[in-house]
Amino acid sequence: MAETNKLSVELRDKFGKGAARKIRAAGKIPAVLYGHGTEPRHLTLPGHETMLLIRKANALIELDIEGDAQLALVRDVQRDPVRQIIEHLDLAVIRKGERVEVDVPLHLVGDPFPGTIAVQDATTILVSADATAIPSFIEVSVEGLEDGTLIHRNDLKLPEGTELVDLAEDAEEVALVSIQTPRGEDEDDDAETEEAAAE
């Protein structure tokens with residue numbers, strides 16, 4: 001389940017690329033907090049502590065904004081494409097008891113039938129959950145599954161209180177994971193059979 005982590009942050013009144021550059025140069029991260037009809041608040045977050053917290057998907061953070069406590073959910077992380085440092089965060093105001101829609105990672109567990117592989121066609125699934133109980137991930141067991149097996153949205157075992165978000169009608173038919181036999185292995189077997197026949 002999602003853990004709440006505390007961060008002491010500062011309000012900032014200088015915006016724009018130049019101001020953001022100075023914040024990052026000081027080892028901090030610029031962010032914006034918005035939602036629930038409130039005015040967006042521009043914040044400066046401590047760099048190292050923030051990076052540790054948002055390694056998990058859907059990080060829930062308890063902000064101490066100069067003495068004002070506010071629960072927030074990380075909605076968007078902008079990274080430098082080359083250096084992968086965090087350039088900016090979008091945070092959403094969260095109220096206890098509120099349900100949110102979030103993409104949760106899918107984790108494959110187990111081994112499919114020998115000689116087959118599990119091909120993951122989706123890495124996340126959109127669910128609705130209590131903001132303070134967002135699952136860190138959803139397990140998808142592929143243990144012993146045979147070639148040709150497909151796993152769909154409705155096959156997932158969701159934690160209590162977590163629900164799938166309704167999507168387009170054809171979403172139910174799209175496979176999240178498929179069990180396949182690697183082509184190379186079939187080709188190797190065919191080659192061995194041909195060699196044996198030639199002898």
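These lines cover the structure that appears in this document, whether it is placed above or below. What you see is a predicted model, and the numbers here were worked out from it, not measured in a lab. Residue positions are given per chain, counting from 1 as you read along its sequence in written order. Owing to the predicted nature of the model, reporting of local features is limited to residues with pLDDT of at least 70; listing and counting of side-chain atom pairs is limited to 80 or more, with chain, interface and lining totals taken over all residues. Side-chain calculation: all heavy atoms of the structure are included, whereas hydrogens and water are not.

Before going further, it helps to spend a moment on the nonpolar core. Among the nonpolar cores identified, the biggest contains 21 residues, and Leu73, Ile94, Val100, Val102, Leu106, Ile125 and Leu176 are the most heavily contacted of them. What counts as a helix is a DSSP run of H or I of at least four residues, what counts as a strand is a run of E of at least two, and both are numbered from the N terminus. Residue assignment for this core shows that the elements contributing at least two residues are β5 (68-79), β7 (99-109), β9 (124-130), β10 (138-141) and β13 (177-180). Each domain span listed reflects an automatic or database assignment of domains. Summarising the domain contributions, this core has at least three residues from each of domain 1 (6-94) and domain 2 (100-180). Any two residues whose heavy atoms approach within 4.5 Å at even a single point are treated as in contact. For Ile94, the contacting residues outside a window of four places in its chain are Leu60, Gln70, Leu71, Ala72, Leu73, Val100 and Ala131. Membership of the second largest hydrophobic core comes to 19 residues, among which are Leu7, Val9, Ile54 and Ala59. Here, nonpolar core means buried Ala, Val, Leu, Ile, Met, Phe, Trp, Tyr and Cys residues that are tied together by side-chain atoms lying within 4.5 Å of each other. Classification of residues uses two cut-offs on accessible area relative to the type maximum, computed with a 1.4 Å probe and protein chains only: under 20% is buried, over 50% is exposed, and between them is partly exposed.

Turning next to the sheet that holds β13. Read from one edge to the other, the open sheet built from three strands follows the order β8-β13-β11, with strand pairing classed as antiparallel. Unpaired on one side and paired on the other, β8 (117-120) and β11 (150-151) mark the two borders of the sheet. Alignment of β11 against β13, held across two bridges, turns out to be antiparallel. The partner of Leu150 across the bridge, within β13, is Ser178. The rule for pairing is simple: two strands pair if DSSP sees at least two bridges between them.

Across the sheet, four strands lie side by side as β10-β7-β9-β12; this open sheet has mixed pairing. The open sheet is flanked by β10 and β12 (163-164), the only strands paired with a single partner. Relative to β12, β9 is paired through two bridges, and the arrangement is antiparallel. Within β12, the residue paired with Ser128 across the bridge is Glu163.

One non-glycine residue, His36, adopts positive backbone phi at about 55°. Backbone geometry places Asn58, a non-glycine residue, at a positive phi of 55°. Within the fold, Asn58 resides in the loop between α2 (47-53) and β4 (60-65). Accessibility expressed as a relative area gives 15% for Asn58, which makes it buried.

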